[in-house]
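Structural overview for review
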Amino acid sequence: MADKIALITGITGQDGSFLAEFLLDKGYEVHGIIRRSSSFNTGRIEHLYIDDLIEDLHKDRKVKLHYGDMTDSMAITRLIREIKPTEIYNLAAQSHVQVSFEVPENTADADAIGVLRILEAVHFLGMEKTCRIYQASTSELFGLVQEVPQKETTPFYPRSPYAVAKLYGFWIMKNYRESYDMFCCNGILFNHESERRGETFVTRKITLAASRIAKGLQKKLYLGNLNSLRDWGYAKDYVECMWLMLQQDKPDDYVVATGEQYSVRDFCICAFKEAGIELEFKGEGVDEKGYNKATGECLIEVDPKYFRPAEVETLLGDPTKAKTTLGWNPRKTSFEELVKIMMKHDLDFVVRDNIVRGKGSIN
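For the structure given in this document, a descriptive report is provided here. Remember, it's a predicted structure, so these values are computed and weren't measured experimentally.

**Structural notes on the nonpolar core**
If you look at the biggest cluster of nonpolar residues, it comprises 61 residues, and the most contacted ones within it are Ile-8, Leu-23, Tyr-89, Tyr-134, Phe-272 and Ile-300. Per element, the largest residue contribution to this core is 8 residues, and it comes from helix H7 (residues 235–245). Not counting chain neighbours up to four residues away, the residues in contact with Tyr-89 comprise Ala-6, Leu-7, Ile-8, Thr-9, Leu-19, Leu-23, Tyr-134, Met-242, Trp-243, Leu-246 and Gln-247. Ranked by size, the runner-up nonpolar core spans 23 residues in total, among them Ile-5, Met-127, Cys-131 and Met-173.

Structure below.
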């Protein structure tokens, strides 16, 4: 049995899949919580476990999956009691900012009270000294930013139901740390992307569209605020920082970022360039459009339906604390390298996907 046992909520997500791989390489026994669904959502981690159907081969699964839900306190308590994790990584959340405006109550239940359910389970079971907890916090806490760049001491000003729910999660972690001397860490992660990012998130939406347009499978891409500035890093690098937080002598909270920012427009330019298309933008606001410089064809338009009710214009993190205290490298993967990784994946993906859909092969 491994000396270290990790329980990952949200293991089927982008971060969860990378973290599971990372911890397995470190020799951990890894468990993950998944929600019961009529359709499978384990695509990102299928390579990490052996299906139940071949358990009779008596092979150990690399990752052990358990049914549960962040809104079910009894299920969470039971799983923690049975698994006895030495480290819990809470990555589960309704994590889409725009969607949180449409389902604010569900977002609060999972993203805010869900954190409390984990903390209270560990406390109730008397595991305060044997189990360390990581909470996936977010740069959206800063919202209407009070200073640039944002660091651990920057005042919060959340601008969405998602961010407000995450704010509760952040403070309840600190409260249990100070009240019960529990090892609780908040990782205030700025935007982190990858080839495993969900297709509804803006970066993956851009790389998929650029790939499909380049392959003649899509005509145009519609986006919201092209001026939004974000600090974008590579998710695979960020999970290492999560782990480093729980290896320290004392628990603390850390900003995890690159210290560089780019606009949505910049991301588009970089992505389309990888697809062999040079973009040229003309116009302002909702009238701004992105054109193929070589052909003059309009490829990108702004659609106001993608604007947030309360916009977050700029986010830029200061990773100094994580860099100096944890020894983490915030610039391991550059912005250009990140976009290249995502585009390489999606240029291949759209070709395979087209074949699977029975529409034939493309160049």
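Back to the write-up after that little detour.
**So, the sheet that holds strand E5 (residues 132–138)**
Ordered in space as E3-E2-E1-E4-E5-E6-E11, the 7 strands form an open sheet in which the pairing is parallel. Each end of this open sheet is capped by a strand with a single partner; those strands are strand E3 (63–67) and strand E11 (254–256). Neighbour-to-neighbour, the strand axes of the sheet open up by a mean angle of 20°, direction not taken into account. Judged from the 5 bridges that link them, strand E1 (residues 5–9) and strand E2 (residues 29–34) form a sheet pairing that is parallel. Within E2, the residue paired with Thr-9 across the bridge is Ile-33. Each of strand E4 (87–90), E5, strand E6 (184–189) and E11 touches H7; the most contacted strand, E6, lies at about 155° to it.

**Side note on the pairing of E5**
On a regular strand, each side chain points to the face opposite its neighbour's, so the side chains alternate between the two faces of the sheet. In terms of residue burial, E5 counts as a mostly covered element, since 6 of its 7 residues are buried. Taken together, the 4 bridges between E4 and E5 define a ladder with parallel strand orientation. Within E5, the residue paired with Glu-87 across the bridge is Arg-132. As judged from the 6 bridges shared by E5 and E6, these two strands associate in the parallel manner. What sits directly across from Ala-136, in E6, is Gly-187.

**Observations regarding the sheet that holds strand E15 (residues 298–302)**
Taken in spatial order, the 4 strands line up as E8-E15-E14-E13 in an open sheet, and their pairing is mixed. Each end of this open sheet is capped by a strand with a single partner; those strands are strand E8 (221–223) and strand E13 (279–282). Geometrically, the sheet is characterised by an average inter-axis angle of 20° between neighbouring strands, direction not taken into account. Bridge count for E13 against strand E14 (residues 289–292) is 4 bridges, and the pairing is antiparallel. By the bridge assignment, Glu-280 is partnered in E14 with Tyr-291.

**Thoughts on the packing of helix H1 (residues 14–25) against H7**
Packed helix pairs are characterised by how far apart their axes lie and by the angle those axes make with each other. At a minimum axis distance of 9 Å, the contact between H1 and H7 shows a crossing angle of 60°. Our pair here, H1 against H7, has a crossing hand that is right-handed. Contact residues: Gln-14, Asp-15, Phe-18, Leu-19, Phe-22 and Leu-23 in H1; Ala-235, Lys-236, Val-239, Glu-240, Met-242 and Trp-243 in H7. Per-class residue counts for the contact of H1 with H7 are 8 nonpolar, 1 polar and 3 charged.

Conventions adopted
- Numbering of residues starts from 1 in every chain and runs along the sequence as written.
- Restriction of local features to residues with pLDDT of at least 70 applies here, the model being predicted, together with a cutoff of 80 or more for giving and counting side-chain atom pairs; totals for whole chains, interfaces and linings are based on all residues.
- Note: side-chain values were computed over all heavy atoms of the structure, leaving out hydrogens and water.
- To qualify as a nonpolar core, a set must consist of buried Ala, Val, Leu, Ile, Met, Phe, Trp, Tyr and Cys residues joined through side-chain atoms within 4.5 Å.
- Each residue is assigned to one of three classes by its accessible area relative to the maximum for its type, calculated with a 1.4 Å probe on protein chains only: buried under 20%, partly exposed between the two thresholds, exposed over 50%.
- In this description a helix means any DSSP run of H or I spanning at least four residues, a strand means any run of E spanning at least two, and both kinds are numbered starting from the N terminus.
- Only heavy atoms enter the contact rule, under which two residues are in contact if any of them lie within 4.5 Å.
- In this description, strands pair whenever DSSP reports at least two bridges between them.
- Every axis in this analysis is a line fitted to C-alpha atoms, fitted for helices over the stretch in contact. Angles between the N-to-C directions lie between 0 and 180 degrees.
- With the far helix as reference, a near helix turned anticlockwise by less than a right angle produces a left-handed crossing, and one turned clockwise produces a right-handed crossing.
- Ten residues, namely Ala, Val, Leu, Ile, Met, Phe, Trp, Tyr, Cys and Pro, are considered nonpolar, four, namely Asp, Glu, Lys and Arg, are considered charged, and the remaining ones, Gly among them, are considered polar.

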